[in-house]
Amino acid sequence: MILAANFKSNHTRAKTAAYLEALEAFVVAQEIHDEIIIFPPATALMQKSLHVKVGAQNAFAVQNGAFTGEIALEQLEEFGIKTILLGHSERRHVLGESQELIAEKFSFYKEKGFRIVYCIGEPLEVREEGNEALLEYLEGQYEGIDFGYDNLIIAYEPVWAIGSGLTPTEDDIVLIHGAIKKVHNKPLLYGGSVKKDNARAILGLDNVDGILVGSGALDVNDFLAMIKDAKDINKGVE
Ligand code: PEP
């Protein structure tokens, strides 16, 4: 399974270093074989540890240049970063990133061989229109994206579930993930209000290959509990 933590604009460099250290120690001690990724803010990017990947939450689709406020490939290379989160709903809906810009970033970081976690998800008004409208909306987020790319992970994150404490029903997660997997057979994470209390149930669902967690993973101990849940599920522990 794949477990990823998105810090968003939380945690300092020092806190991220302590988090990564705790994570690495746990993964080694517990002999975890799942893929673990953290996405700290840009100021806390650092070399990955032996068993935990560190990814960027965003970067511009250039080597370097005049793009005030953005970071680019050069800044990622400094820390050996080879993983990136693209298409996150906060970048789409709060920061106004278009599908065209996201696709441009995707192509650029694909060319560079990055592991890409590509987020898709519908807003509440679309969810309320039903499954057909939902899947049609997601198709818009497939535009310009090479889903044949080997180093791709998809994260299905309903916009209305992110940071809200709401999640789709388990049946809906299985259904939507099944429909997405039919079109794009890639590792598929669920994201949106995953917490230590619901992670085990979600990780155990059909068509769910892992989770992308925001606020619920800010405390490293909560993320460790989720990693332990995944390990138990791998082993078939109830
Ligand atoms: C996210 O930021 O990708 C996310 C899923 O956030 P949260 O877990 O806080 O809903």
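Details of the structure are given in the entry above.
Summary of the structure given here. Treat the numbers as computed from the prediction; the structure is a model and nothing was measured.

## Examining the sheet that holds strand S6 (residues 152-156)
One open sheet holds the 8 strands; their spatial order is S3-S2-S1-S8-S7-S6-S5-S4, and the pairing between them is parallel. Both outer strands of the open sheet, strand S3 (52-54) and strand S4 (83-86), are each paired with one neighbouring strand and no more. For this sheet, the mean inter-axis angle between neighbouring strands, taken without regard to orientation, is 20 degrees. Inspection of the sheet shows strand S1 (residues 2-6) paired to strand S2 (residues 35-39) by 5 bridges, in the parallel sense. Bridge assignment links Asn6 to a residue of S2, and that residue is Phe39. Contacts between helix H1 (residues 13-29) and the sheet are confined to S1, S2 and S3, with S2 contributing the most and set at about 175 degrees to the helix. Against the sheet, helix H7 (residues 170-183) engages strand S5 (115-120), S6 and strand S7 (188-191), with an angle of about 145 degrees to S7.

## Some details on the side chain of Gln99
Looking at where Gln99 falls in the secondary structure, it is placed in helix H4 (residues 99-111). A polar atom in the side chain of Gln99 sits 2.9 Å from the backbone oxygen of Glu143. In this structure Gln99 touches Arg92, Tyr118, Gly140, Gln141, Tyr142, Glu143 and Ile145, once residues within four positions along its chain are discounted.

## So, a negative patch on the surface
A cluster of acidic side chains, namely Glu125, Glu128, Glu129, Glu132, Glu136 and Glu139, defines a negative patch on the protein surface. Top element by residues in the negative patch is helix H6 (residues 131-140). It accounts for 3 residues. Take Glu129: it is sitting in the loop between helix H5 (124-127) and H6.

## Re the packing of aromatic side chains
With the rule as written, the count across this model stands at 9 aromatic pairs. The interplanar angle of 85 degrees and the centroid separation of 5.9 Å between the aromatic rings of Phe106 and Tyr118 together place this pair among those described as edge-to-face. Pair noted here: Phe106 is in helix H4 and Tyr118 is in strand S5, with a separation of 12 residues, a long-range link. Judged on exposure class, the residue Phe106 and its partner Tyr118 are both buried. With centroids separated by 4.9 Å and ring planes inclined at 70 degrees, the aromatic side chains of Tyr109 and Phe114 adopt a geometry described as edge-to-face.

Rules used throughout
- Residues numbered from 1 in each chain as written.
- Predicted model: local features only at pLDDT ≥ 70, side-chain atom pairs only at ≥ 80, totals over all residues.
- Heavy atoms only, no water.
- Pairing = 2+ DSSP bridges.
- Helix = DSSP H or I, 4+ residues; strand = E, 2+ residues; numbered from the N terminus.
- Axes fitted to C-alpha atoms, helices over the stretch in contact; angles between N-to-C directions.
- Contact = heavy atoms within 4.5 Å.
- Polar contact = N/O pair within 3.5 Å; in protein donor to acceptor, adjacent residues only side chain to side chain.
- Patch = residues over 30% accessible without salt bridge, like charges linked within 9 Å, V, L, I, M, F, W, Y side chains within 5 Å.
- Areas by Shrake-Rupley, 256 points an atom, 1.4 Å probe, with all protein chains shown as cover.
- Salt bridge = Lys/Arg side-chain N within 4 Å of Asp/Glu carboxyl O.
- Lys, Arg positive; Asp, Glu negative; His and termini not counted.
- Charge placed at Lys NZ, Arg CZ, Asp CG, Glu CD.
- Phe/Tyr/Trp six-rings, centres within 6.5 Å; stacked < 30°, edge-to-face > 60°.
- Buried < 20%, exposed > 50% of the residue type's maximum accessible area, 1.4 Å probe, protein only.

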